[in-house]
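Understanding the architecture of this molecule
One-letter residues, chain by chain:
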Amino acid sequence: MGLLQDGASKFRHWHRTLRERHLRSYVFIHINKTGGSSIEKALGIGLDHSTALEKYQQLGAKAWRGKFTFTMVRNPWDKVVSHYHYRVRTNQTGLAEHTLPFSEWLQRCYVDRDPRYYDQPRMFMPQRRWLVNENDELLVEFIGRFENLEQDFATICQRLGVNATLGHAKPSSRGSYRQYYDADSEALIREHFAEDLQLFGYEF
């Protein structure tokens, strides 16, 4: 049974690569908690949390150069709060059953790297690292912002020549992300995501 599942998985990967290389005019790099699921749904593509380097290596340099490559980024302090609430809501790492206060979760994930909570390292890494090659050079052509999601998605659609609209997500009732941080936790995220702050210009 394991061999059959492995074979099916390899076939799906091969089929997806073939479709993306020859039939799709773009590559979307879906960084978690940046509105990417709404974009994937609007464009009719499946969930994919591959980095730009992984996609570049998968498709090859020639195919990559012929694609419109884009992504979305988000204020790191806001992104981390959203990530925490998503994990509680979906009970990832048991957070719904045994909820940790936000500040303790930050410590476990971003300082201790506790494997009970820090289970998918790419979901915690700076957004810039999703987007660069081995030489630390940006691979993507267009970087939109979660804070400007509707307008930037319209720009993407115009570039692709498609007519698509984003689903209307329910507005968050949790209030401003700033209320989740004290001086220490704000500094922790500032340090961890320093390269994002430098590249994208975000501030607390």
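Calculation criteria
- Residues numbered from 1 in each chain as written.
- Predicted model: local features only at pLDDT ≥ 70, side-chain atom pairs only at ≥ 80, totals over all residues.
- Heavy atoms only, no water.
- Buried < 20%, exposed > 50% of the residue type's maximum accessible area, 1.4 Å probe, protein only.
- Helix = DSSP H or I, 4+ residues; strand = E, 2+ residues; numbered from the N terminus.
- Contact = heavy atoms within 4.5 Å.
- Salt bridge = Lys/Arg side-chain N within 4 Å of Asp/Glu carboxyl O.
- Phe/Tyr/Trp six-rings, centres within 6.5 Å; stacked < 30°, edge-to-face > 60°.
- Lys NZ or Arg CZ within 6 Å of the ring centre and 35° of its normal.
- Pairing = 2+ DSSP bridges.
- Axes fitted to C-alpha atoms, helices over the stretch in contact; angles between N-to-C directions.
- Parallel < 35°, antiparallel > 145°, perpendicular 65-115°, else oblique.
- Left-handed = near helix turned anticlockwise from the far one by under 90°.

Labelled according to an unreviewed UniProt entry, the protein appears under the name Sulfotransferase family protein, originating from Pseudohalioglobus sediminis.

**Quick notes on helix α6 (residues 102–111)**
Restricting attention to buried positions, one finds in α6 the residues Phe102, Trp105, Leu106, Arg108, Cys109 and Tyr110. In this structure, the buried residues of α6 make contact with α5 (76–89) and α8 (183–192). Arg113, located one to two residues past α6, shows a positive phi value of around 50°.

**Things to note about the pattern of salt bridges**
Applying the stated criterion across every chain yields a total of 13 salt bridges. Put simply, Lys55 and Asp48 hold a salt bridge, and the shortest N to O gap is 2.7 Å. Residue Asp48 is classed as buried on the basis of its relative accessible area, which comes to 13%. Between Arg87 and Asp119 there is a salt bridge whose closest N-O contact spans 2.7 Å. Of the two residues, Arg87 sits in helix α5 while Asp119 sits in the loop between α6 and β3 (142–145), which places them 32 residues apart along the sequence. We classify Asp119 as partly exposed; its relative accessible area is 35%.

**What about the packing of aromatic side chains?**
Tallied over the full model, the rule gives 18 aromatic pairs. Residues Tyr84 and Trp105 carry aromatic rings whose centres are separated by 5.3 Å and whose planes lie at 55° to one another, so their mutual orientation is tilted. Here Trp105 lies in helix α6 and Tyr84 lies in helix α5, a separation of 21 residues in the sequence. Like Trp105, Tyr84 is buried. Ring-pair connections join several aromatic residues into one group, and the members of that group are Trp77, Tyr84, Phe102, Trp105, Tyr110, Tyr118, Phe124, Tyr177, Tyr180, Tyr181, Phe193 and Phe204. Seen from the ring of Phe146, Arg74 lies directly overhead, with NZ or CZ sitting 3.8 Å from the centre. Sitting over the face of the ring of Trp130, Arg122 holds its NZ or CZ atom 6.0 Å from the ring centroid.

**Notes on the pairing of β3**
The side chains of a regular strand alternate, residue by residue, between the two faces of the sheet. A one-sided burial pattern is seen for β3, the buried positions being Phe142 and Gly144 and the unburied ones Ile143 and Arg145. In terms of strand pairing, strand β2 (residues 68–73) meets β3 through four bridges, oriented parallel. Opposite Val73, over in β3, you have Arg145 as the bridge partner.

**Digging into the packing of α6 against α8**
One way to put it is that α6 packs onto α8 with a least axis distance of 11 Å and a crossing angle of 25°. Judged on the interaxial angle alone, α8 and α6 are roughly parallel. Crossing angle aside, the handedness with which α6 passes α8 is left-handed. Two secondary-structure elements touch here, α6 through Leu106, Tyr110 and Val111 and α8 through Ser185, Leu188, Ile189 and His192.

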